[in-house]
Amino acid sequence: MTLHLQERWMSRLLCIFTQQEQHSHLKAASRMSVPDYMQCAEDHQTVLVVVQPVGIVPEDQFFKIYKRIASVRQLSIRDSQRLLFIRYRHHYLPENNEWGDFQTHRKVVGLIAITTCSSSRDWPQTADRFHSQKDVYTSTLYDSRLLVFGLQGEVAEQSRTDMVFYPSFEECSDVERRVEDFVESIFIVLESKRLDRATDKSGDKISLLCVPFEKKDFVGLDTDSRHYKKRCQGRMRKHVGDLCLQAGMLQDALVHYHMAVELLRAVNDFLWLGGALEGLCSASVIFHYPGGTAGKAAGSKPSVSQPADAGKRHRPGAQEVLIDPGALTASGISADTSAEIGRAKNCLSPEDIIEKYKEAISYYGKYKNAGVIELEACVKAVRVLAIQKRAREASEFLQNAVYINLGQLSEEEKIQRYSILSELYELIGFHRKSAFFKRVAAMQCVAPTIPEPGWRACYKLLLETLPGYSLSLDPKDFTKGTHRGWAAVQMRLLHELVYASRRMGNPALSVRHLSFLLQTMLDFLSDQEKKEVTQSLENYTSKCPGGMEVITLPDGLTLPPVPFTKLPIVRSVKLLNLPISLQPHKVKGLLEGNLSNASPFIYSPILMQSRGEERCKKIDFQWVQGDVCEVQLMVYNPMPYELRVENMGLLTSGVEFESLPAALFLPAESGLYPVTLVGVPRTAGNITVNGYHTSVFGVSSDCLLEDLANVKSSGCLVEVIPSLPRLQLSTSLPRSTHSSQPMSKEELPSSVSVQLFNGESQQLTITLENIGSIDIETLELTSKINSSKEKVFGEFLSWDLEEAVCQLPLKPGQSITLSVRIRVKLDFSGQENLLQDLNDDGISVTGWPISSPLRQVLKPRPESKPLGSESGKAEYSHVKTLEAVLKFKYSGGPGKVEGYYRELSLGVHVNVEPSLFFTRVSTLPATSTRQCHLLLDIFNPTEHELTVSAKNNQDLVLHASECQRMAIQVDRFDFESLPQAEQQTLHFSSPKQLQEERQLAHGCQISSKLGICWSIPSLKRHGEASVEGVLNQLVLEHLQLAPLQWDVLLSGKPCDSDVVAECTVGDAVTLEDYQNGVQNYDMDEAVTFIGSNIFYIDTVKAKDSCVCEGALLFLYTGDFYLNIRFQDDSSRRGLPLAWFTLPSVHIRALDTPLQAGA
């Protein structure tokens, strides 16, 4: 809101009242003096004493003595049950004193002057001043006193009743006693005047009492008329009633008031009739409400000279007896008067009191010069109605008081009038009406007619109007429930506070109020108003930045800080975990110690209640000392333009925390916008995120989460563990673009990707650097292959960590290098789509090839199905993927002492392409029983020329998409060294798994013996070929070395089927057969067996042997084949035939050579 509009608002409120007063001033030329707005009904029983300084008296010393004098508020009259009440004023206009005949409590009957005099030389002048002061009230004074301070000597030693001398303001211990003596003298005069007036029975001698404006009206009036005499009698009765009420004779006053009412009503003397009715109301109020109607006790402080039982008689008139007028005598009350009759006839009921007040005020209203009397009567009636809790009727009296014409008032008098109206409306519970008049009084303080506007008084009065408009300066009151009060009026009032504080020269107050307006009334401001308010705020804060300090005003009122919780609006607060690579982990063995404080119950409602609010619960992850931690806020900009937020950071408690401020720009009326605030905890312990701080429009705000409405939070308490080292890795392989998904289903911080042919190996060099400030003391490395359907043969990842561990501890800034070998050996034999593709190309994958063992070149694949395309991959799935995670577990420093460590993961993504296929595997027997031939049909699926080599075998060159056969002579394998079935059964749930695992182990042993390797010269790449996945059970049985081995020796020399053993005809040939018995066959007449040709073997134990020895005698020359057969006598064992394969022996019988000389 612009300053021009504020000034216009400030002056608009004065229009109605100033116009009314100017209009009324034209009608009336003279008015009574300023009204006493503090008057109440019980003031009618008091005597008025004016206390004034004479000469030069220090203000503080004067009011110090004035308070002591005013403490004597009532006095118990000696030898009587009556009390005299005194009302003190330090300023009283002389013209008000002229109305003393109309209402005696307005008459100044006592004067106490306070002066200072340092020497007797100044005394005559001081005495003259005192007498001059007495002359002002001389017509009404009963007695006077002069208190002289500082004068010593002859003058001070004189004994005078009207003067008291004190050496100084400190040496005046008997001031109160002197005042009591002075009040007693006033009572004596008052009592004498009461008696004089009460005993005057002659109607002809009664003078006519007049108010000031009546004197000119009675000039030339017939004083002998009956009407005139009744008027004189009625006014005198009313006057005597006032004196009786002052003298403590409540019942007499009631009687006189009743008599005056009857007399004055008969002659239509309305002004004095109203006075008599008001006197009657006052006396009745004093009786019904002895505690008073002004909010303070009538007898607040008994005098020191009161008798001991004076405290019991603090209710004036409570013990008096009310009588009818006929019982009234000059000396008081007749002894035989009935109290009940008097009370019934004379004292008004509470309802009648108000009716008589209305009647009296209506009579006052007939006289334009009686405005002050009318106004004061309205005020007194309102105070009575407030006690009776009749607020609506009281508001009618106040409404009448508002429009009472008092003529031309000074600005100070106007301010006082509106302030009192405000207090009275507050008294009857009309808070908003009270605030309205208080606000009018504030505007009157800075009216254009005032040469020096009182902006401080205006500001103070505006602050007092806040409760009436349901407005509080505490922003916390606006976060609870719906908005209370009229927002438009509240905004105007806040604008006026801003303007007043600026004119006071206090820009900090202007900033505070304008900030409060923007924060609490944001929902009610239009877009244009929002822009104007923020522009004004920026102008103010450019000279005086706003902060979170509490502003204390001179009167003690404090203005709480106003945080901008709506600029921006925060909808959710979430503490973020550290990145995966920096998250701490607890050693598993130490986790049990944290459960010692856990409840033994599964559910405990008491435990749930003790956790407090949800935002205070502890989060299940930890932050680390010295690491950057993050908190995410979802914020919203409600402003119609871009919002610039500066210096936004976190507010925390619990540990030392370094907040790293951020600046952000939020688009106009943006949706939920994520903002991440960061900081570094410097110590370990539990930290609570209490809120955040911002700087918007030059105002710094500390926004606490507990003050934010509708904020979602999963908890703001987190544990900060001691410092841990930080490790960073770099690799020799390129970073992976694949989104690997490890077992934890969290994204890996980094991963590498490589493309290999099946059987190929790759060296991965990893450099580990300590980028933290803590030494790395421990380092461990583990790997885990992600869940995959692919069979992996051998070790996928292997490494040697000893060299790296020897370099620990690793200082900050240092690095170590580690080599990891990536070796891929997958089973491509199960690719049905690919095998079908090979069948389509003319190659048999289930039986012998048509042209085997000759080379056959396959026709090229159609271009519509390229190997590298997506459709090709989807159709053939030639390329397989293998993923694993390398985890570096490391720790050090204080965190290690507490049992924490970190894990740094590296994903390894390998795309495996087939290098070669074994389309068919079979065996042929060899010449030796310990050997056989392994036949492999090898297919080259690559687009490059490929060379295949094996141990003790020639290289085989395969062109792209070519299939050839390779025959490899191999020694049969002894699988006895593999684990026994009984041991493996413990690890496998089914016999099928056991069989598969044993078959895989056999295949691995065979592959290692074969040593089949491949190479692609054009790419300079090579690798190993594995046959694990293509060996079926039948082939394995053919490759297995039989547990029963047979050796045949001829004349001590071993013989085999491909070796021809020579012997001489007629010589005996010794035949030895090892391991297991044999049965000889008949050789007709060509061979003669020497000895038995049948051998019986009972049992051959494990690792044992059995020898069967016989001799052959060849009778003829020629080639003979010895066929050794075996016959198993037991049919229950069912042993495989491979166990009993015996070699065929070829013997060549030669002629006997001639002997020399034969």
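Now for a quick tour of the structure. Just so it is clear, the structure is predicted and the values come from calculations on it, not from any experiment.

**Description of the sheet that holds strand β5 (residues 143–149)**
- Within the open sheet, the six strands sit side by side as β2-β3-β1-β4-β5-β6. Their pairing is mixed. Only two strands of the sheet have a single neighbouring strand rather than two, namely β2 (74–76) and β6 (163–166). Recorded for the sheet is a direction-independent mean angle of 20 degrees between the axes of neighbouring strands.
- In the packing of helix α3 (residues 59–70) onto the sheet, the strands contacted are β1 (46–54), β3 (83–89), β4 (108–116) and β5, and the crossing angle to β1 comes to about 160 degrees.
- The strands touched by helix α7 (residues 175–198) are β1, β2, β3, β4, β5 and β6; relative to β5, the strand with the most contacts, the crossing angle is about 165 degrees.

**A short note on the pattern of salt bridges**
- Within this structure, the stated rule accounts for 34 salt bridges.
- Notably, a salt bridge pairs D162 with R160, separated by 3.6 Å at the nearest N-O pair.
- The exposure class assigned to R160 is partly exposed, which follows from its relative accessible area of 32%.
- Several salt bridges share partner residues, and in doing so they unite D174, R177, R178 and D181 into one network.

**Looking at the pairing of strand β22 (residues 717–721)**
- Of all five residues in β22, four are buried, a share of seventy percent or more.
- The pairing of strand β13 (residues 618–624) with β22 spans four bridges and is parallel. In the sheet register, V624 faces β22, and the bridge partner there is I721.

**A look at helix α20 (residues 527–541)**
- Counted at 1.5 Å a residue, the expected span for α20 with its 15 residues is 21 Å, and the 21 Å between its end C-alpha atoms agrees.
- All of the buried residues along α20 are K530, V533, T534, S536, L537, Y540 and T541. One side of α20 holds all its buried residues, which, seen down the axis, span an arc of 160 degrees.

**A look at unusual backbone geometry**
- Of note, the amide linkage connecting L567 to P568 takes the cis form, showing an omega dihedral of 0 degrees.
- By the secondary structure assignment, P568 is in the loop between β10 (558–559) and β11 (569–575).
- In this model, L808 is joined to P809 through a cis peptide bond whose omega is 0 degrees.
- Looking at the secondary structure, you find P809 in the loop between α22 (802–805) and β28 (815–823).

**Looking at the nonpolar core**
- C458, Y459, L518, L567, L575, W623 and L633 are the most contacted members of the largest nonpolar core, which has 159 residues in total.
- Beyond its immediate chain neighbours, meaning those up to four positions away, W623 contacts L575, L576, L578, C629, E630, V631, I687, V689, V718, E719, V720 and I721.

**What about the sheet that holds strand β23 (residues 727–731)?**
- Read across the sheet, four strands follow the order β23-β25-β28-β27 without closing on themselves; strand pairing throughout is antiparallel. The sheet terminates laterally at β23 and β27 (797–799), the two strands that pair on one side only. Direction aside, neighbouring strands of the sheet carry axes that sit 30 degrees apart on average.
- With nine bridges joining them, strand β25 (residues 761–770) and β28 adopt antiparallel strand pairing. Paired with T765 across the two strands is S819, which belongs to β28.

**Overview of the packing of helix α8 (residues 226–246) against helix α10 (residues 270–288)**
- Across the interface, α8 lies against α10 with an axial gap of 10 Å and an inter-helix angle of 25 degrees. Considering the angle they form, α8 stands roughly parallel to α10. Considering the relative orientation of α8 and α10, their crossing is left-handed. The residues of α10 that touch α8, namely those facing R235, K238 and L245, are W272, G275, A276, A283 and I286.

**Some remarks on the packing of aromatic side chains**
- This model, assessed by the stated rule, comprises 18 aromatic pairs.
- Judged by centre distance (6.3 Å) and plane angle (80 degrees), the rings of F63 and Y66 are edge-to-face. With F63 and Y66 both in helix α3 and three residues apart, this pair spans about one turn of that helix.
- Measuring from ring centre to ring centre gives 4.4 Å for F149 and F169, while their planes differ by 15 degrees; the resulting arrangement is stacked. Linking F149 in strand β5 with F169 in the loop between β6 and α7, this pair joins segments that are 20 residues apart in sequence. Taken individually, F149 and F169 each receive the classification buried, so the pair is uniform in this respect.
- Among the aromatic side chains, those forming a connected cluster through ring pairs are W99, F102, F213, W272, Y364 and Y367.
- Stacked on the ring of Y901, the Lys or Arg K889 has its end atom at 4.3 Å from the ring centre.

**What to know about the pairing of strand β38 (residues 1021–1024)**
- Only one face of β38 is buried, namely the one carrying R1021 and G1023, since none of H1022 and E1024 on the opposite face is buried.
- In this sheet, β38 lies alongside strand β37 (residues 1013–1016) in antiparallel orientation, the contact comprising four bridges. Bridge pairing in β38 links I1016 to R1021.
- Between β37 and the antiparallel strand that follows it, β38, lie four residues; K1020 among them carries a positive phi value of about 55 degrees.

Cut-off values and rules
Residues numbered from 1 in each chain as written. Predicted model: local features only at pLDDT ≥ 70, side-chain atom pairs only at ≥ 80, totals over all residues. Heavy atoms only, no water. Pairing = 2+ DSSP bridges. Helix = DSSP H or I, 4+ residues; strand = E, 2+ residues; numbered from the N terminus. Axes fitted to C-alpha atoms, helices over the stretch in contact; angles between N-to-C directions. Contact = heavy atoms within 4.5 Å. Salt bridge = Lys/Arg side-chain N within 4 Å of Asp/Glu carboxyl O. Buried < 20%, exposed > 50% of the residue type's maximum accessible area, 1.4 Å probe, protein only. Expected span 1.5 Å × (residues − 1). Arc of directions from axis to C-beta. Core = buried A, V, L, I, M, F, W, Y, C linked by side-chain atoms within 4.5 Å. Parallel < 35°, antiparallel > 145°, perpendicular 65-115°, else oblique. Left-handed = near helix turned anticlockwise from the far one by under 90°. Phe/Tyr/Trp six-rings, centres within 6.5 Å; stacked < 30°, edge-to-face > 60°. Lys NZ or Arg CZ within 6 Å of the ring centre and 35° of its normal.

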